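What follows is the residue order along each chain.
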Amino acid sequence: MSQVTTVIHPQVITAVRRAAVRATLAPSIHNSQPWRFVVSGDALEIHIDPSRQLRVLDPRGHQVALSCGCALFSARAAMAACGLRAKVRRFPMGSGSTLAAVISVVSGAGPDTELAALDAVVEAGRTIRPAWRGEAVPPQLVSVLVDAASHEGAQLTTIAHLETRLAIARLPLPADRSRRTERIYGTGPQTWMSEELPQAGGAPPAADSDERTSAECLLLLSTAQDDPTSWLRAGESLQRILLEIARAGYAASPLAQVIELPQTNALLCAELGPRAYPNALLLVGSAVSAPQLRRRRLVDMLTQVG
Amino acid sequence: MSPDEFGAGEALIPEELSFPDGPRLELDQLLRQLLGHANEVLAAQGRLRGLLAANTLVIGDLDLPVVLRHIVEAACQLVKAQYGALGVLDAGGGLSQFIHVGMDEETVERIGALPSGKGLVGALIDDPRPIRLRHLAQDPRSVSFPPGHPPMDSFLGVPIRVRQEVFGNLYLAEAASGEFTAEDEELVTALAVTAGVAIENARLFSQGKQRQNWLQASTLITRQLLSAEGEDPLSLIARQARQVADADLVTVVLPTADGERLMVEVATGQHADGLSGYTYPIEHTYASQAFATGRPVLVADDTRSTTFRTHLSTVLPVGPVMVLPLVGTHRMRGALVIGRLHGRLQFEEADLEMATTFAGHAAVALELADARADQQRLLLLDDRDRIARDLHDHVIQRLFAAGLNVQSVAANLVPDDRRDRLERAVAGIDETIGQIRTTIFALRGQVGPETGTVRSRILRIASDLSSLLPFEPSLDFQGPLDSVIPESFIDDLEAVTREALTNIARHAQASRASVRLSADTTSITLEVTDDGVGLDSGHRRSGLANLRQRAEKHGGTLLVEPGAPACHTSTGKGTRLTWTIPLS
């Protein structure tokens with residue numbers, strides 16, 4: 001088969017660039033935004049920015065891969081919203097490389113309409129620790145979320161058992177404490193820590209565990225494997241779930257520290273059983289709207305080649 | 001207001017005044033003349049009152065479009081004209097606005113396009129002096145009316161000047177009496193003077209209001225920049241600029257890292273979605289022109305520009321554009337590009353001036369925000385440094401003192417279980433101190449990339465440990481240290497120096513110590529000497545084993561022997577530690 005070189009349609013170039021810009025809005029741990037984007041013709045490369053990895057909280061680079069996965073999903077949704085079908089290659093240079101994914105446009109195929117609908121809520125899905133209103137999450141939403149996770153090859157489990165919930169709800173307390181030391185040991189400027197700042201409107205801090213065990217729903221996202229590619233997939237799954245939550249008008253708060261601390265991670269593994277690895281723990285509920293997180297400058301994250 | 005109020009007074013002469021006697025005829029005539037004059041005076045007074053009323057109407061508002069409409073209406077009523085219009089001149093000698101009264105919407109729609117400035121309309125533009133015609137069609141300057149245009153015969157045209165500059169022209173047609181009189185011309189000329197003042201007032205007022213809007217926008221941005229959350233300040237700048245300047249598309253462009261291209265950082269307005277992240281070469285742009293001069297650029301019509309197009313036109317056909325540089329203290333931070341759709345009103349010099357002030361505010365605010373981020377970073381580093389210092393100056397000292405106390409108690413006990421336990425406690429404290437030290441180095445190490453030379457690293461260890469010693473160790477470096485000592489040896493070198501000096505502090509009871517590091521192409525030698533009690537005490541063995549191991553790892557040797565620093569008068573025996581590793 002001979003490859004015919006075609007001139008890339010300007011609309012495709014605009015769509016790919018737009019996908020990159022939309023992807024920069026993805027959530028990341030402590031709003032660290034550990035990514036770089038390279039727009040090259042009809043392809044978008046997502047690179048991990050290792051200098052923005054939180055070394056103490058995230059020594060494995062798990063959260064970095066997860067964050068890049070979130071960005072990857074946003075980019076896919078943005079492409080779909082522009083009527084394009086995208087092909088994704090994850091870690092094409094191997095999982096040790098900083099090139100997390102390459103998204104390229106597949107010509108002649110229709111977009112995934114399910115994804116296209118989620119692009120509209122990308123801006124709303126930027127989570128910051130919400131103030132819970134104490135309304136229960138409808139079971140229909142939970143089943144939508146479980147489906148969303150499985151579409152992206154991950155598994156979402158509701159942690160319903162009261163005692164487990166109570167135990168996990170108490171977990172962030174020690175985790176939070178050690179996370180605070182991130183201020184001292186971690187890398188990067190303090191502005192990343194905006195999640196830590198007390199919010200106007202009196203949002204309860206995470207340590208206040210009694211309240212959240214009642215109405216909010218605790219969901220655990222897991223994958224069958226524990227390697228960078230699985231983490232990236234888990235990130236895509238996570239963003240799909242977060243966008244579905246935002247579309248339904250609910251809010252989510254990821255409890256990343258529970259995943260990353262060895263002792264709490266071990267507890268979650270025990271909860272899941274063999275051959276399942278915890279990737280994200282989400283607290284989902286209804287909340288009053290919280291201020292948006294700031295995005296880094298595009299000039300620092302985005303490069304256009306050619 | 002009824003047109004009668006402007007009109008001349010009704011004739012007040014009784015129909016028939018008759019006097020029977022002949023001689024009275026003269027009187028009769030005189031009276032008739034008197035009445036006639038009185039009548040004229042009354043008529044003139046009526047018209048003057050009409051002019052006054054018209055003036056009041058014209059200056060009664062401050063909103064420019066309303067003022068312009070009132071001028072036309074007042075003029076029509078003043079001279080009883082059926083049709084009236086006001087043409088506002090643009091910079092190019094055409095008409096930018098044409099405000100008309102007297103025609104219904106249907107007729108206006110039938111005629112279609114507004115006059116562009118040909119014929120009599122244009123004659124007044126070229127030569128701004130009043131034109132009064134009995135029959136419009138008979139004038140050589142007139143052009144035929146477009147189809148659907150109502151017939152017009154009598155015509156009066158008067159220019160309106162604002163501060164000596166012709167602002168526009170007042171056109172009146174179809175006088176109720178069939179003809180405009182010289183008096184009509186005078187009245188309308190007088191009204192035009194008032195109109196000029198009213199227009200100037202309205203302009204000043206709207207400029208004042210606009211200035212206030214820009215200022216409010218600046219304040220809003222400053223406030224937003226002080227908060228760490230919420231809308232991105234750059235996007236707020238763009239949004240506010242778009243709102244205040246009544247623009248259709250606004251972007252903030254920033255230079256990329258290589259400084260050769262510009263990237264649209266934020267875009268707001270029509271089709272803005274496709275513009276964010278758009279990158280283009282900085283060369284041949286209005287922005288580069290603005291960067292080079294530090295002055296804003298005003299583009300009358302981007303579609304007609306022959307030099308270069310703005311990036312806005314890639315998504316939207318913009319006409320009037322303002323490019324405002326965001327000037328930082330050291331460099332150009334970027335530019336604010338404000339565009340209106342093609343065909344819309346141009347930006348005026350006053351707009352440019354106000355927007356420039358706004359951009360100046362925005363740039364200062366951005367600078368402040370960035371400086372604040374830098375400061376936070378410094379605070380963080382400061383914090384680390386302070387913690388490291390606290391750990392070093394206080395925690396280690398106290399642990400060390402506690403350790404020494406316990407050790408001295410243990411030394412006085414007979415060797416038994418309790419003594420062993422105390423010694424284990426001392427070892428535990430030692431280990432803790434070691435961990436804290438590691439932490440200190442980790443904390444300080446993150447302040448910046450490791451740029452220290454071998455020399456500076458050894459110096460730092462010496463100064464770090466000097467608080468444990470009752471004296472400053474003397475240091476001596478010889479040979480091309482940085483060029484011959486491989487990176488892989490430096491850690492060991494540091495560890496050995498630290499261990500040796502700590503040993504001296506703990507056990508030697510020395511009053512002086514020296515560190516001498518020398519290197520040549522064949523070997524590195526570290527020599528640490530003190531004038532303390534010597535090697536009698538058994539406590540130092542374990543530390544020495546560790547040092548030996550570190551030497552042997554690199555195929556080197558450790559030699560420990562008695563010996564005081566040269567030229568020394570101390571009574572102590574002293575110790576000399578020589579740690580040598582060969583360089584292959």
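Remember, it's a predicted structure, so these values are computed and weren't measured experimentally.

### As for the overall build of chain B
- In terms of helices and strands, chain B carries 13 helices and 16 strands.
- Evaluated residue by residue, chain B yields a buried proportion of 44% over its 584 residues.
- The contacts in chain B between residues at least 6 apart in sequence include a share of 62% that link residues at least 24 apart.
- Carbon and sulfur atoms provide 53% of the accessible area of chain B, an area that totals close to 30500 Å².

### Here we look at the overall build of chain A
- Counting its secondary structure elements, chain A contains twelve helices and eleven strands.
- For chain A, with 306 residues in total, the buried portion stands at 57%.
- The long-range share in chain A, meaning contacts at least 24 apart out of those at least 6 apart in sequence, stands at 79%.

### Focus on the packing of helix α2 (residues 62-81) of chain A against helix α9 (residues 228-247) of chain A
Residues and elements named next belong to chain A.
- Close contact between α2 and α9 brings their axes to 6 Å; oriented N to C, the two are set at 55 degrees. When the interaxial angle is binned, α2 and α9 end up oblique. Between α2 and α9 lies a crossing whose hand is right-handed. Along its contact with α2, which presents His 62, Ala 65, Leu 66, Cys 68, Gly 69, Cys 70, Leu 72, Phe 73, Ser 74 and Arg 76, the element α9 presents Pro 228, Trp 231, Leu 232, Arg 233, Ala 234, Gly 235, Glu 236, Leu 238, Gln 239, Arg 240 and Leu 243.

### Points about unusual backbone geometry
Residue and element names in this part refer to chain B.
- Even without a glycine there, the phi angle at Glu 174 is positive, about 60 degrees.
- Structurally, the position occupied by Glu 174 is in strand β5 (residues 165-175).
- On the basis of relative accessibility, which here comes to 22%, the residue Glu 174 falls in the partly exposed class.
- Its identity as a non-glycine residue notwithstanding, Asp 246 has a phi of 55 degrees, on the positive side.
- Looking at the element boundaries, Asp 246 is found in the loop between α6 (233-244) and β6 (249-255).
- Exposure remark for Asp 246: the relative accessible area of 44% places this residue in the partly exposed category.

### Section: the confidence of the model for chain A
- Counting all residues, the mean pLDDT for chain A is 78, and 77% of those residues have values of 70 or more.
- Long-range and interchain partners of residues 172-213 of chain A, a stretch whose pLDDT sits below 50, account for 83 contacts in this model, where long-range means more than four residues apart.

### Considering the pairing of strand β2 (residues 43-48) of chain A
All names here are of chain A.
- In terms of residue burial, β2 counts as a mostly covered element, since five of its six residues are buried.
- What sits between the antiparallel neighbours strand β1 (residues 35-40) and β2 is a turn of two residues, in which Gly 41 has the positive phi angle 60 degrees.
- In this sheet, strand β4 (residues 99-106) lies alongside β2 in antiparallel orientation, the contact comprising five bridges. Of the residues in β4, the one forming a bridge with Ala 43 is Ser 104.

### Brief notes about the side chain of B:Ser154
Residues and elements named next belong to chain B.
- Tracing the chain through its elements places Ser 154 in the loop between β3 (131-133) and β4 (155-162).
- Look at Ser 154 and you get buried, because its relative accessible area is 2%.
- A distance of 2.9 Å separates the side chain of Ser 154 from the backbone nitrogen of Ala 175, its partner in a polar contact.
- Setting aside residues no more than four positions away along its own chain, Ser 154 makes contact with Leu 133, Arg 134, Leu 136, Leu 172, Ala 173, Glu 174, Ala 175, Gly 178, Glu 179 and Phe 180.

### A closer look at the sheet that holds strand β8 (residues 251-254) of chain A
All names here are of chain A.
- Across the sheet, four strands lie side by side as β6-β7-β9-β8; this open sheet has antiparallel pairing. If you trace the sheet from one side to the other, it starts and ends with β6 (155-158) and β8, each paired once. For this sheet, the mean angle separating the axes of adjacent strands, direction not counted, is 30 degrees.
- Judged from the four bridges that link them, β6 and strand β7 (residues 217-223) form a sheet pairing that is antiparallel. Among the inter-strand pairings, Thr 158 is bridged to a residue of β7, identified as Leu 219.
- Packing against the sheet, α9 makes contact with β6, β7, β8 and β9 (277-285), and its axis sits at approximately 10 degrees to β9.

### Concerning the sheet that holds β5(B)
All names here are of chain B.
- Strand order in the open sheet formed by five strands is β2-β1-β5-β4-β3, with antiparallel pairing between adjacent strands. The sheet is open, and its two borders are formed by β2 (95-101) and β3, each paired with just one other strand. Between one strand and the next, the sheet's axes are offset by a mean angle of 15 degrees, whatever the strand orientation.
- Pairing geometry for β4 and β5, over eight bridges, is antiparallel.

### Concerning the packing of aromatic side chains
Residues and elements named next belong to chain B.
- Counted according to the given criterion, the structure contains five aromatic pairs over all chains.
- Measuring from ring centre to ring centre gives 4.9 Å for Trp 214 and Phe 358, while their planes differ by 50 degrees; the resulting arrangement is tilted. Remark: Phe 358 occurs in helix α8 (residues 349-411) and Trp 214 occurs in helix α5 (residues 182-225); sequence separation between them is 144 residues.
- A relative accessible area of 1% places Phe 358 in the buried class.

### Topic: the packing of helix α1 (residues 10-23) of chain A against α2(A)
Residue and element names in this part refer to chain A.
- As a packed pair, α1 and α2 sit with axes 8 Å apart at the nearest point and diverge in direction by 140 degrees. Considered as vectors, α1 and α2 are oriented oblique to each other. Along this stretch, α1 crosses α2, giving a crossing that reads as right-handed. Seen from α1, the contacting residues are Val 16, Arg 18, Ala 19, Arg 22 and Ala 23; seen from α2, they are Ala 71, Ser 74, Ala 75, Ala 78 and Met 79.
- Classifying every residue of the contact of α1 with α2 gives seven nonpolar, one polar and two charged.

### So, a negative patch on the surface
- On the surface, a cluster of negative charge is made up of B:Asp104, B:Glu105, B:Glu106 and B:Glu109.
- Topologically, B:Glu106 is positioned in helix α3 (residues 105-111).

### Topic: the pairing of strand β16 (residues 575-582) of chain B
All names here are of chain B.
- Here strand β14 (residues 523-530) pairs with β16 via eight bridges, running antiparallel. Across the sheet, residue Leu 526 finds its bridge partner in β16, namely Trp 579.
- Of the strand pairs in this sheet, strand β15 (residues 557-562) and β16 are connected by six bridges, and their pairing is antiparallel. Of the residues in β16, the one forming a bridge with Pro 562 is Thr 575.

### Some points on the state of the cysteines
Residues and elements named next belong to chain A.
- What the rule picks out here adds up to zero disulfides over all chains.
- Cys 68 provides the cysteine sulfur closest to Cys 70, a residue in no disulfide bond, and the two sulfurs are 9.2 Å apart.
- Judged by relative accessible area, which is 2%, Cys 70 ranks as buried.

### As for the pattern of salt bridges
All names here are of chain B.
- The final tally for this structure, using the stated rule, is 35 salt bridges over all chains.
- The shortest N-O distance in the salt bridge between Arg 344 and Asp 246 comes to 2.8 Å. Highlighted residues: Arg 344 in the loop between β11 (332-341) and α8 and Asp 246 in the loop between α6 and β6, separated in sequence by 98 residues.
- A relative accessible area of 28% places Arg 344 in the partly exposed class.

### Looking at α9(A)
- An ideal rise of 1.5 Å per residue puts 28 Å on 20 residues; α9(A) measures up with 28 Å between its terminal C-alpha atoms.
- Within α9(A), 16 of the 20 residues are buried, which leaves it mostly tucked inside the rest of the structure.

### Let's talk about the confidence of the model for chain B
All names here are of chain B.
- For chain B, per-residue confidence averages 81 on the pLDDT scale, and residues scoring 70 or more make up 89% of the total.
- In this model residues 1-9 is a low-confidence stretch, pLDDT under 50, and it forms 19 contacts with partners more than four residues away in sequence or in other chains.
- Taken as a whole, residues 446-451 scores under 50 in pLDDT and shows ten contacts with residues more than four places along the chain or in a different chain.

Cut-off values and rules
Residues numbered from 1 in each chain as written. Chains lettered and ligands numbered in written order. Predicted model: local features only at pLDDT ≥ 70, side-chain atom pairs only at ≥ 80, totals over all residues. Heavy atoms only, no water. Helix = DSSP H or I, 4+ residues; strand = E, 2+ residues; numbered from the N terminus. Buried < 20%, exposed > 50% of the residue type's maximum accessible area, 1.4 Å probe, protein only. Contact = heavy atoms within 4.5 Å. Areas by Shrake-Rupley, 256 points an atom, 1.4 Å probe, with all protein chains shown as cover. Axes fitted to C-alpha atoms, helices over the stretch in contact; angles between N-to-C directions. Parallel < 35°, antiparallel > 145°, perpendicular 65-115°, else oblique. Left-handed = near helix turned anticlockwise from the far one by under 90°. pLDDT = per-residue confidence, 0-100. Pairing = 2+ DSSP bridges. Polar contact = N/O pair within 3.5 Å; in protein donor to acceptor, adjacent residues only side chain to side chain. Phe/Tyr/Trp six-rings, centres within 6.5 Å; stacked < 30°, edge-to-face > 60°. Nonpolar A, V, L, I, M, F, W, Y, C, P; charged D, E, K, R; others polar. Patch = residues over 30% accessible without salt bridge, like charges linked within 9 Å, V, L, I, M, F, W, Y side chains within 5 Å. Salt bridge = Lys/Arg side-chain N within 4 Å of Asp/Glu carboxyl O. Lys, Arg positive; Asp, Glu negative; His and termini not counted. Charge placed at Lys NZ, Arg CZ, Asp CG, Glu CD. Disulfide = S-S within 2.5 Å. Expected span 1.5 Å × (residues − 1).

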